[in-house]
Structure formats: C-alpha cells, structure tokens
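Each chain, letter by letter, is given below.
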Amino acid sequence: MSKRIISITSVILLLLIIFPFTTLAQNINRPYLGLIISPAIKEFKAKRGETLKGTFRVTHDFQELNRTVNIYPFSQDFSSDGVTGNPKWILYNNALDPKVETSMEDWISFEKDSFTLQNNGKYFDFNYTIKVPNNLTGGTYQAGIIFTETPEGKASGSNVVGINSNLAGLIFVEVDGSKTKELNVEEVNVTDINGITPLFNLFEYLPVNVELKIQNNGNVNIAPSGDVFISTSGTTANTPTLQFNEEGSRILAKSSRVMKVTWLDGFFTISKNTLANDAPLFDKIFNQYTLNLNFGKPFRLGAYDINVKVNYTDTNNEFKSKDAKVTIFVLPWKMILFVVLLIVIYIIIRKFRSRRKKHVYKEYREIPYEKKYSKFIDE
Amino acid sequence: MNLKKLVSIGLSLVIIVSILPISFVKAAGVPLIITGASSATSTAYNSTITFVPGSAMSTNYTITLYYSSSYTDTSLVNGNVALTKTGDGGFTSATTAVDITNNLIVFTLTTSAPTNTTNPFIITFSGSNFLTPATGGNYTFSVITNNNSGTQLDIGSALQYVGNTNQVLVTANVVPTITFNIRNTADNAEQATIAGLKTCALGNQSLTAIATCSYRLKVGTNSASGYSVSYLSSTNGLTNGSHNMTDAAATTGSTPAAAGVEQYGILLGAGSATGGTVTRGTAFGGAGATVTNIFNIANTGSTELLSSNGLNGPAPTDTTNTSLVTHTLTINAGTPIGAYTQTVSYTASASF
C-alpha cells in the first residue's frame, strides 16, 4: 500500500514539475531573433574634451532557451556610401593608415572586453565611454560598436563556409566648434518601376519615382525634410504633394545621399508580379506586370512639372530651402498604339469585306437574265 | 381544518406577494444618467441629468436635485436650469427654484394627467453660471421626487467625475532595437555550428554535381529607416590555402555554371520586410537581379549585401521576411584536391 502511495505521489510530483514547463514552452511564441541590441542608433552632442557615457542593452532570443552566449564588442568606423543610408564599414589595413575624417573608433573604450549573456530574457547593459579629443574642429563624428560571438572565428573542416554574425549599434557625436550646415540638390532623377529613366522622361503609367541626390557640404549630419509638388498646366489642384524623408533619415557630413519619393496616385498604375524561378517563358515575357485600374483616382495624361523643395535648418537654426525642378510626360503610348492598331485592322477588314460584297454584287449583276432565272423559265 | 389552514396561508401569501412589488415601486431607486459624466475642473456644467421615474407624478408634485457644495453656484439662477419630459402628454411644465444656500434645485410640476413611467425627466443646465469644482474628484448628484403631500416617491443618484483623479495615464516606451540571427534554410532551427561557429557545409565535391548549402539571414528592427547587412570575407573566396576556387562574376552576376566547370559564389534570395522593401546591394545586382543569378562573395573589404528601407518583424518561422543565401560550388577535372574553407562575416545594423 505504501509503495502505491509513493508511486502515485511521485507521478503527481513529476507531472507538476513537467506540466508548467511544457505549457510555458508552448505558450511562448518567440521569433528567434538571435542577438538583440537597443538602441539601434545613439546620438550625442558634446563639447571638445568632454567624456560621454552610453549604454547598449544586449540580450538574446536564440532558439535554445538556456543558452549562455559570450559576446565580444569592438568599435569600428563607418562612412556613407554616397547613395544609401547604409553604413560602409571601414577596415584599416594597418594601424598607421590615416583615419577617415569622421573617425571616432579610437575615442571609444569599454568597461569589459567581453561579457556573457545568460539564458534568454536576461539582458546585459553594456557601458561604453567616449572621450572627445580637444584638438577637433566641430562637426559630426561616427563609429559603431559591433557585438560578435566569434571574434576570431575561422571555418574548420573540409569544404566548409564559416559564418560570423555581427550586430552593430551606430553612434553619432556632434561636437561643438566650427560647424557648417549646407545642402545642395545635385540631381533630380525620375525613374519607372524598374528604376530606369525612360527616354524623354516619357512614362506610360505611374508609379514615377522621384530620386533626389542631395549633397551635404557641411560638417554636421543633416536630416532634411521637404515636399515634392506635382503640377500640370500650372496648377496643383488635382495633383498630389508628396513629402519626403518623413522618417528623418540623415545625410552624413560631407557626403551625398539619394532620397526617393514615389508618385502612385493615378487611375492606371502598374505593379510587378512575383514570378517563380521555374515560371513558364510566356509568363516571364508577358506576365511580369499587372495593370491596375484604380477607380476614383484621376487619369494621368500629359506633361507634369515636378518641383522639389528641400528644407533644413542651418547652424543658426535658420530655415533654409533648396529647389529643383524636372518635367515628365505621362502617356500610355503602347496602349494607345494597340487601340489604334485594332481600329486600323477593323477598318481594313470592313473595307475588304465591303469591296468583296461590291465585287460579288457586280458579278451577280453581270450574270445574264436568262442564266439567273433559268430554273424558273424552264418550269 | 387542514384545508382552512391551507386556504388561509395561500391567501396570506397572495396578499404579501401582491403588496410587496407595490411597496418596492414606491421605494424605487431610479438610475440617474449624467451626460458629460467626466468633466474638467472649474468648467461650465452644460450637461443634462435624466431619469425615468418609477412613479406617476401629478400637478404640484416636486423633483429635487441635490448637488455637491463644491460646485460654484453663486451666479446660478432659475433660468439656468430647466426640467422637461419629452414624449409624455401628461406633462405640461415645471417651475424651477434654485436654492444655492442648500445646494439644491426644486422643480414643481404642472400636469394635465399623471405622468407615465416610460419617458425620462430631463434636467438641463445652460449658461456658465454653474461650474464644476476646482478640485478633481467624484461628486454626487441626487434626485428625490415627492408627491403633493411630501411623501417620497423615487430616489436616485449618480457621480460626476471631475478632473483626472479617476484617470490612469498608461505610458509605454518602445526603444529602437535591432536583432540579427543566422538560421537554417527553413527557419525552424539555428544554423548548424562547428566549434561554436555557424557553418555551411558544401561536402565532398563531384565533377558531375553542383554542391550547394544554404542558410537564412534573419534581421529584425523597429527603426523606421530600416536596416542593412554587409559582408566581409576572410579570404579571397573558397580556398585550400594554395588554390582559390574561381569566383562567380560580381555586380551583374551570371547563370550558375554547370557541373564540371569550376565556379564558386552565392545565390541571394533577398526576401521581404514587413514594413519596407528589401533591395540587394549593387555588388549583388541591385534592384534588377534575380535569385537565379550567382554572385561573387570573395570581397575582403566590407561590401553591402542587402538593405531594407523600413522596419521588419519576422515571425518565428519565416521564409518570407528573411534572406536566403545559397553557396554554390562546381569543380572541374583540374581543381586541386584539398579541404577548402572560407569565413564570411555578416554585419547587420540599422540604416541611418
């Protein structure tokens, strides 16, 4: 009897121990995001000679709940690639290589060279210090702190590719001093759905992408804002005004960036179809795009002026604006040609049939009376 | 005898049951509804108070409204308060008598017939002579109705919430975050590792087969400007130390070579982002390239692989909002033997 009681109690205890954990594991719908850091971007304003302190909160969401992860941080300079807002990481071949003008990697120091993340959900506040040198001109300087699991990771084995995953937090420091802020709109490009500028800026359908290449000539990062005014026949009454850079993206000091706004507000628009790799050749040729009819939207046809106004504030917080203009034409010429072609074919067929009828009628008229009605005459 | 008892008890019960509801109606608590039940402090009380009476009322019956002494009523006059009863033909009018000393208002009814118990009485305040209290809190309005003998008929009360003392400000701060993981092709497990390093094994090579291995780059961010991923190769492609596999073309890419032709590179399925568009880096064909083209992955300098112009929140198993990298290798008869390796470091960050 006592054995039975012990057995039952053991089973109950086992269930009690296991059940909560299994329930928990099922309920948590984790996205398995791997390494996580916040903030993604950190900005400081500093005086020359000042020491700044900051923190990245680091945690992990690897599939294995109880995994402990060793993290090795290091700082690295980055710059703009002149087109996008993606950091271009800079590797110096040796310590004597000259640093880029906005270099900051040597200003950053850490309390620890490495740290360990405990199981999922536990975080580590990684503290760093930035010592801003005294002998600087003003402006924005930048670097990233990169967190990696495998700092010296090298693939081992046969025919194996080793994969390191690094996650970077970006840091910008705007240093007091002689600061300049100046933007120029270098180029306004208009492109179609494939990113191609058509001949004579002649578009068949919307969307039309307005791509602004903006140059920051100053030594401070600028996040410009502005509007793209679209007008036709001198009026903006039935055309939209588009805002650009609503997300507040930056143009780094002494670099350029292309910012894009898409005009998609028309009765006819086209969208790209996603085709499978093994899609039939017919689809690959004729089914790449879908023509959308947007009822209630205006029919876009003719010449349109695109006026761009790029706004920013200078170092005195005074409002500045730069303008640019381009003219485009919207005409679904292939569709018009197709319709014209159909009409021409129809007319040709009509004419041909009319001639044929006339010819038959003429032939019929030329048949002698006796021959035409011979049957009745015989009777 | 028993029958008599039963009849007596039954009759008593009938009498009690028939009386009880009437007594309850007479003593009814009627619900009071205040429009603008929540109000700012020291503002004009331009609200209405309504209630459906539980008892019929006739001429000279009264309705008394009691309010808190915390309300500012120094300028309140009879003309600022009115009582109506829409939809009841028995109701004719009501006179208003404001008593600011005792913080009450008495309405005396004139009726053509007893009022019904379906249409509500409506007490309306107008003007700006009656102000809510200066101090936030919950304040009571009560209504008592009496017949012309002073007998109480209905009673009801309701609260007006003044100020924000009964409000809870809920705040939450979502910090900008970026995440990065390298997952297997199906995104249902972490990519396999050798000695702690995630790996992609191409296996033993054959002259008659194309060797491939793949994994997913899973980036998540709530940064409105999106994210980017760049790569860096430790070596000039796949190498055994003395021989580098022939790299696929960069920038434009090409159709992967057939088995028997030496070529090494990657096929990139850029994937999507939940809140943006994913674009391949220019070294991987840019916007026009397709997943079927093979590209060089041998740059020993930082090279952009792909980027998104908006946020991304991938699901636990997500083969849509993640990017698929497939390493592809073919060899020819002259490819030197050896253990070939390459280490590729991916760096993910928010776009600025």
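Residues numbered from 1 in each chain as written. Chains lettered and ligands numbered in written order. Predicted model: local features only at pLDDT ≥ 70, side-chain atom pairs only at ≥ 80, totals over all residues. Heavy atoms only, no water.

Trainee: I'd like a rundown of the sheet that holds strand 20 (residues 323-330) of chain B, residues and numbers included.
Mentor: Read from one edge of the open sheet, 9 strands run 7(A)-9(A)-3(A)-1(A)-11(B)-14(B)-20(B)-16(B)-18(B), paired in antiparallel fashion. Since the sheet does not close on itself, it has two edges, and those belong to strand 7 (108-110) of chain A together with strand 18 (294-295) of chain B, each with one partner. Inspection of the sheet shows strand 11 (residues 178-183) of chain B paired to strand 14 (residues 211-221) of chain B by 6 bridges, in the antiparallel sense. Note that in strand 14 of chain B the partner of I182 of chain B across the bridge is L217 of chain B. (Pairing = 2+ DSSP bridges. Helix = DSSP H or I, 4+ residues; strand = E, 2+ residues; numbered from the N terminus.)

Trainee: Got a sec to walk through the sheet that holds strand 3 (residues 48-51) of chain B? Specific residues and values, please.
Mentor: Residues and elements named next belong to chain B. Across the sheet, which stays open at both edges, the 4 strands sit in the order 1-3-8-5 with antiparallel pairing between neighbours. At either end of the open sheet lies a strand with only one pairing partner, and these are strand 1 (33-34) and strand 5 (81-84). The pairing of strand 1 with strand 3 spans 2 bridges and is classified as antiparallel. Counterpart to I33 in the pairing with strand 3 is T50.

Trainee: I'd like to hear about the pattern of salt bridges, residue by residue, with values.
Mentor: Going through the model one piece at a time under the given rule, you end up with 20 salt bridges over all chains. Ionic pairing is found between E43 of chain A and R250 of chain A, a salt bridge with its closest N-O pair at 3.1 Å. On the criterion of sequence distance, the pair formed by E43 of chain A in strand 2 (residues 41-46) and R250 of chain A in the loop between strand 16 (241-244) and strand 17 (255-263) is long-range, its members being 207 residues apart. Take E43 of chain A: its relative accessible area is 47%, and that puts it in the partly exposed class. A salt bridge links K85 of chain B to D88 of chain B, with the shortest nitrogen-to-oxygen separation between them at 2.7 Å. The same class applies to K85 of chain B as to D88 of chain B, namely buried. (Salt bridge = Lys/Arg side-chain N within 4 Å of Asp/Glu carboxyl O. Buried < 20%, exposed > 50% of the residue type's maximum accessible area, 1.4 Å probe, protein only.)

Trainee: So what's going on with the state of the cysteines? Which residues, and what values?
Mentor: All names here are of chain B. Scanning all chains against the criterion turns up 1 disulfide over all chains. There is a disulfide in this structure between C200 and C213, and the S-S distance comes to 2.0 Å. Negative torsions about the S-S bond denote left-handed disulfides, and the value of about 120° found for C200 with C213 makes this one right-handed. Here the residue C200 occupies a position in strand 13 (residues 197-201), and C213 occupies one in strand 14, the gap between them amounting to 13 residues. (Disulfide = S-S within 2.5 Å.)

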